[in-house]
Amino acid sequence: NAGVMQNPRHLVRRRGQEARLRCSPMKGHSHVYWYRQLPEEGLKFMVYLQKENIIDESGMPKERFSAEFPKEGPSILRIQQVVRGDSAAYFCASSSLSRLDEQYFGPGTRLTVT
Amino acid sequence: GESVGLHLPTLSVQEGDNSIINCAYSNSASDYFIWYKQESGKGPQFIIDIRSNMDKRQGQRVTVLLNKTVKHLSLQIAATQPGDSAVYFCAENSSGKLTFGQGTILTVHP
């Protein structure tokens with residue numbers, strides 16, 4: 001069984017460009033979560049999505065950040081007009097409807113803004 | 001605000017020793033806790049979980065203890081191995097949102 005997949009694993013963007021991070025949940029999982037991790041810190045919740053719905057986006061910055069989880073295809077975390085402070089590791093997790101509490105994480109995308 | 005935090009940022013042990021990693025939480029309404037292991041360059045890996053109606057849960061070589069009175073959580077690793085070297089995070093799940101502690105770096109010396 002494939003786990004949570006994220007791509008790209010590493011992404012370099014110049015200030016002002018857009019970053020698009022993709023996450024494919026585990027097979028059978030319909031809930032996706034995005035977290036951000038700064039160096040030597042714990043993960044911080046950003047957003048929780050179900051297919052075609054945003055359940056909780058309380059951790060998302062109000063500007064430049066958006067997330068979606070369409071009916072078909074991966075979940076996308078989009079960061080517009082990136083700044084150096086956006087440099088971090090972005091992790092996606094997924095869970096199934098029957099075991100919502102158990103979140104399984106992907107390998108992360110490391111974003112570097114130059 | 002509510003937070004989940006760790007007492008010790010680093011822990012060094014000898015191979016074969018038992019390790020204990022501690023965590024304090026502040027939200028008394030928390031009812032589900034998880035320990036994750038994160039190796040360098042990888043995502044967090046689920047180790048063990050516990051619900052607030054329990055005070056102890058055992059897995060393979062790992063035990064989680066929950067003391068709701070003092071809002072304290074610990075992870076015990078028996079016969080620690082070099083492969084256990086990683087950062088360990090406790091987390092609280094509240095309505096789907098995980099709140100992570102700062103992390104403890106465990107280093108196991110052969």
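Just so it is clear, the model here is predicted, and its values are computed rather than measured.

J.: Teacher, can you tell me more about the overall build of chain A here?
T.: Helix and strand counts for chain A stand at 0 helices and 11 strands. Helices and strands appear in chain A in the N-to-C order β-β-β-β-β-β-β-β-β-β-β. Dimensions along the principal axes, computed over C-alpha positions, put chain A at roughly 40 × 25 × 25 Å. Among the 114 residues that make up chain A, the fraction classed as buried is 42%. Considering only contacts within chain A whose residues lie at least 6 apart along the sequence, 53% involve residues at least 24 apart. Total accessible area on chain A stands at roughly 6000 Å², and carbon and sulfur atoms take up 46% of it.

J.: Looking at this structure, how should I read the sheet that holds strand E1 (residues 5-7) of chain A?
T.: Residue and element names in this part refer to chain A. Strand order in the open sheet made by the 4 strands is E1-E3-E8-E7, with antiparallel pairing throughout. Looking at the sheet topology across the chains shown, the edges are occupied by E1 and strand E7 (65-68). Averaged over all pairs of adjacent strands, the angle between their axes in this sheet comes to 15 degrees, without regard to strand direction.

J.: For this particular structure, what's the right way to read the state of the cysteines?
T.: Note on terminology: a disulfide is the covalent bond linking the sulfur atoms of two cysteines. Within the structure shown, the criterion is met by 2 disulfides over all chains. Covalent S-S linkage joins Cys-23 of chain A and Cys-92 of chain A, the inter-sulfur distance amounting to 1.8 Å. Here Cys-23 of chain A and Cys-92 of chain A share a disulfide; its torsion about the S-S bond, -55 degrees, makes the bridge left-handed. Separated by 69 residues along the polypeptide, Cys-23 of chain A in strand E3 (residues 19-24) and Cys-92 of chain A in strand E9 (residues 88-95) bring together distant segments of the chain. A single burial state applies to Cys-23 of chain A and to Cys-92 of chain A, both of which are buried. Linked covalently through their sulfurs, Cys-23 of chain B and Cys-90 of chain B form a disulfide whose S-S length is 1.9 Å. The chirality of the disulfide connecting Cys-23 of chain B with Cys-90 of chain B is right-handed, given an S-S dihedral of about 55 degrees. Of this pair, Cys-23 of chain B sits in strand E3 (residues 19-25) while Cys-90 of chain B sits in strand E9 (residues 86-94); the two residues are 67 residues apart in sequence, bridging distant segments of the chain. Grouping residues by exposure puts Cys-23 of chain B and Cys-90 of chain B together as buried.

J.: Where do I start with the interface of chain A and chain B in this structure?
T.: A common measure of how large an interface is: the accessible area buried when the components associate. If you look at the interface, chain A gives 20 residues, while chain B gives 19 residues. With both sides pooled, the region where chain A packs onto chain B buries about 1400 Å², and carbon together with sulfur makes up 51% of that total. When the buried surface of chain A facing chain B is broken down by residue, Leu-43, Asp-101 and Phe-105 of chain A rank first, second and third, together holding 34% of it. In this structure, Arg-51 of chain B engages Asp-101 of chain A in a salt bridge whose closest nitrogen and oxygen atoms are separated by 2.6 Å. Summed over the shared surface of chain A and chain B, the number is 9 residue pairs in polar contact (both at pLDDT 80 or more). Elements represented by at least two residues in the side of chain A that touches chain B include exactly strand E4 (31-37), strand E5 (43-50) and strand E10 (104-105) of chain A. Its residues placed into classes, the side of chain A that touches chain B shows 9 nonpolar, 5 polar and 6 charged.

J.: When you look at the pairing of strand E6 (residues 53-56) of chain A in this model, what are you seeing that I'm missing?
T.: Note on strand geometry: in a regular strand, side chains alternate between the two faces of the sheet. Residue and element names in this part refer to chain A. Sheet topology note: the E5/E6 ladder contains 3 bridges and is antiparallel. Paired with Gln-50 across the two strands is Asn-53, which belongs to E6. Here E5 hands over to E6 after 2 residues, with Glu-52 in that stretch at a positive phi of 65 degrees.

J.: How should I be thinking about the side chain of Asp-84 of chain B in this particular structure?
T.: Residues and elements named next belong to chain B. Along the chain, Asp-84 turns up in the loop between strand E8 (72-77) and E9. Given the relative accessible area of 7%, Asp-84 is considered buried. Among the polar contacts listed, one links the side chain of Asp-84 to the side chain of Arg-61, at a separation of 2.9 Å.

J.: Would you mind going over the nonpolar core with me for this structure?
T.: One finds Trp-34, Met-46, Leu-77 and Tyr-90 of chain A to be the most contacted residues of the largest nonpolar core, which totals 22 residues. Elements supplying a minimum of two residues to this core: E3, E4, E5, E7, strand E8 (75-79), E9 and strand E11 (109-113) of chain A. The contact partners of Leu-77 of chain A, leaving out residues within four places of it in the chain, are Ala-19, Arg-20, Leu-21, Trp-34, Met-46, Met-60, Ser-66, Ala-67 and Tyr-90 of chain A. The next biggest cluster of nonpolar side chains, apart from the first, holds 20 residues, and it includes Ile-50, Ile-77, Ala-86 and Leu-106 of chain B.

Rules behind the numbers
Residues numbered from 1 in each chain as written. Chains lettered and ligands numbered in written order. Predicted model: local features only at pLDDT ≥ 70, side-chain atom pairs only at ≥ 80, totals over all residues. Heavy atoms only, no water. Helix = DSSP H or I, 4+ residues; strand = E, 2+ residues; numbered from the N terminus. Buried < 20%, exposed > 50% of the residue type's maximum accessible area, 1.4 Å probe, protein only. Contact = heavy atoms within 4.5 Å. Areas by Shrake-Rupley, 256 points an atom, 1.4 Å probe, with all protein chains shown as cover. Pairing = 2+ DSSP bridges. Axes fitted to C-alpha atoms, helices over the stretch in contact; angles between N-to-C directions. Disulfide = S-S within 2.5 Å. Buried area = accessible area lost by both parts, 1.4 Å probe. Salt bridge = Lys/Arg side-chain N within 4 Å of Asp/Glu carboxyl O. Polar contact = N/O pair within 3.5 Å; in protein donor to acceptor, adjacent residues only side chain to side chain. Nonpolar A, V, L, I, M, F, W, Y, C, P; charged D, E, K, R; others polar. Core = buried A, V, L, I, M, F, W, Y, C linked by side-chain atoms within 4.5 Å.

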